[in-house]
Amino acid sequence: MKRALALSLVAGQFLLLGALVFLPHGSLWSTGIGVIVAAIALGLVGAALAVLGVVGLGPALTASPIPRERAPLITSGVYGLMRSPIYAGLMTGGVALVLVGASAWHVVVWIALVALLSVKTRWEERMLVAEHPEYRSYGARVGRFLPGVGRLAERG
């Protein structure tokens, strides 16, 4: 059951990202040079966050929200700034696709992506707290998707 839910969340995130790429372009706003430059900048920031997150995890990397057994807790590098840089990168890259797509459907799909990644992250963090008791104090210091934003409450 747990693995099926994990697979469903991973499949859902890839379907939503694919939808952002392949949805037809809209006309909610003009996609002039300013929008394109902003989209490129956000796309690069999102890609950088995701790559730094992937590289930073090393052997702990998994697409599943279920942490790898006996994998170390990574709290340095980009993980010293935010707990979920890969998901933050996907969200940021998603904003770039929304800007270029300029449709209400792009906005709706991006909101669904943020919701799915938020649910996936919270579930993953519950498992990380169980696996790594020091995760709670780490989460109390470091924001979830943005530095300082979404810190965990420190409990005994």
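Rules of the game
Residues numbered from 1 in each chain as written. Predicted model: local features only at pLDDT ≥ 70, side-chain atom pairs only at ≥ 80, totals over all residues. Heavy atoms only, no water. Axes fitted to C-alpha atoms, helices over the stretch in contact; angles between N-to-C directions. Helix = DSSP H or I, 4+ residues; strand = E, 2+ residues; numbered from the N terminus. Parallel < 35°, antiparallel > 145°, perpendicular 65-115°, else oblique. Left-handed = near helix turned anticlockwise from the far one by under 90°. Nonpolar A, V, L, I, M, F, W, Y, C, P; charged D, E, K, R; others polar. Phe/Tyr/Trp six-rings, centres within 6.5 Å; stacked < 30°, edge-to-face > 60°. Buried < 20%, exposed > 50% of the residue type's maximum accessible area, 1.4 Å probe, protein only. Contact = heavy atoms within 4.5 Å. Core = buried A, V, L, I, M, F, W, Y, C linked by side-chain atoms within 4.5 Å. Salt bridge = Lys/Arg side-chain N within 4 Å of Asp/Glu carboxyl O. Expected span 1.5 Å × (residues − 1). 1 Å grid on protein atoms, 1.4 Å probe; cavity = no way out; pocket = protein on both sides within 12 Å on 5 of 7 lines; lining within 4 Å. Points joined across faces, edges and corners; volume = space filled by probe spheres on them.

K.L.:
Talk me through the packing of helix α2 (residues 33-57) against helix α3 (residues 85-101); I want residue IDs and the actual numbers.
P.N.:
Two elements in contact, α2 and α3, have axes whose closest approach is 7 Å; the angle formed by their N-to-C orientations is 160 degrees. Considering their axes alone, α2 and α3 lie roughly antiparallel with respect to each other. Every pair of crossing elements has a handedness; the one defined by α2 and α3 is left-handed. Grouping the constituent residues of the contact of α2 with α3 by class yields 17 nonpolar, six polar and no charged.

K.L.:
Requested: an account of the packing of aromatic side chains, with residues and values cited.
P.N.:
Counting across every chain of the model gives one aromatic pair. A centroid spacing of 5.4 Å and a plane angle of 70 degrees characterise the contact between Tyr135 and Tyr138, whose relative ring orientation is edge-to-face. In this pair, Tyr135 and Tyr138 both sit in helix α5 (residues 135-141), three residues apart, roughly one turn of the helix. The same class applies to Tyr135 as to Tyr138, namely buried.

K.L.:
Outline the environment of Phe145, listing residues and values.
P.N.:
Among the structural elements, Phe145 can be located in the segment after α5. For Phe145, a relative accessible area of 16% corresponds to the buried category. In this structure the C-alpha to C-alpha distance between Phe145 and Met91, which are 54 residues apart in sequence, comes to 9.1 Å. Beyond its immediate chain neighbours, meaning those up to four positions away, Phe145 contacts Met82, Ser84, Tyr87, Ala88, Met91, Leu117, Ser118 and Thr121.

K.L.:
So what about the nonpolar core? Which residues, and what values?
P.N.:
As a rule of thumb, nonpolar side chains are buried together in soluble globular proteins. Of all hydrophobic cores here, the largest spans 32 residues; its most connected members are Leu57, Tyr79, Tyr87, Leu113, Leu117 and Trp123. Sort the elements by how many residues they give to this core and helix α4 (residues 104-131) lands first, with seven residues.

K.L.:
Account for the pattern of salt bridges, naming residues and giving values.
P.N.:
Under the criterion given, the structure shown has three salt bridges. With its nearest N and O atoms 2.6 Å apart, the salt bridge here joins Glu125 to Arg83. Taken as a pair, Glu125 in helix α4 and Arg83 in the loop between α2 and α3 lie far apart in primary sequence, 42 residues in all. Taking the relative accessible area as the measure of exposure, Arg83 reaches 5% and is therefore buried. Ionic pairing is found between Glu125 and Arg144, a salt bridge with its closest N-O pair at 3.0 Å. Residue Glu125 is located in helix α4, and its partner Arg144 is located in the segment after α5; the two are separated by 19 residues in the primary sequence. When its relative accessible area of 5% is taken as the criterion, Glu125 is described as buried. Judged by its relative accessible area of 10%, Arg144 falls in the buried class. Three or more residues joined by partner-sharing salt bridges are found here, namely Arg83, Glu125 and Arg144.

K.L.:
Please give an account of α2 that cites residues and values.
P.N.:
The terminal C-alpha atoms of α2, which comprises 25 residues, lie 36 Å apart, in line with the 36 Å expected from a rise of 1.5 Å per residue. Within the span of α2, buried status applies to Val35, Ala39, Gly46, Leu49, Ala50, Gly53 and Leu57. Immediately downstream of α2, the backbone of Gly58 shows phi near 55 degrees, a positive value.

K.L.:
Explain the layout of surface pockets to me, and be specific about the residues and the numbers.
P.N.:
Its boundaries defined by the atoms lining it, the largest pocket holds a volume of some 530 Å³. Lining the largest pocket are 32 residues, and of these Leu57, Thr62, Tyr79, Ile86 and Glu124 sit closest to its centre. Looking at the lining of the largest pocket, the elements that each hand over two or more residues are α1 (2-22), α2, α3, α4 and α5. Looking at the lining of the largest pocket, the element that brings in the most residues is α4, giving five residues. Residue classes in the lining of the largest pocket are distributed as 21 nonpolar, six polar and five charged.

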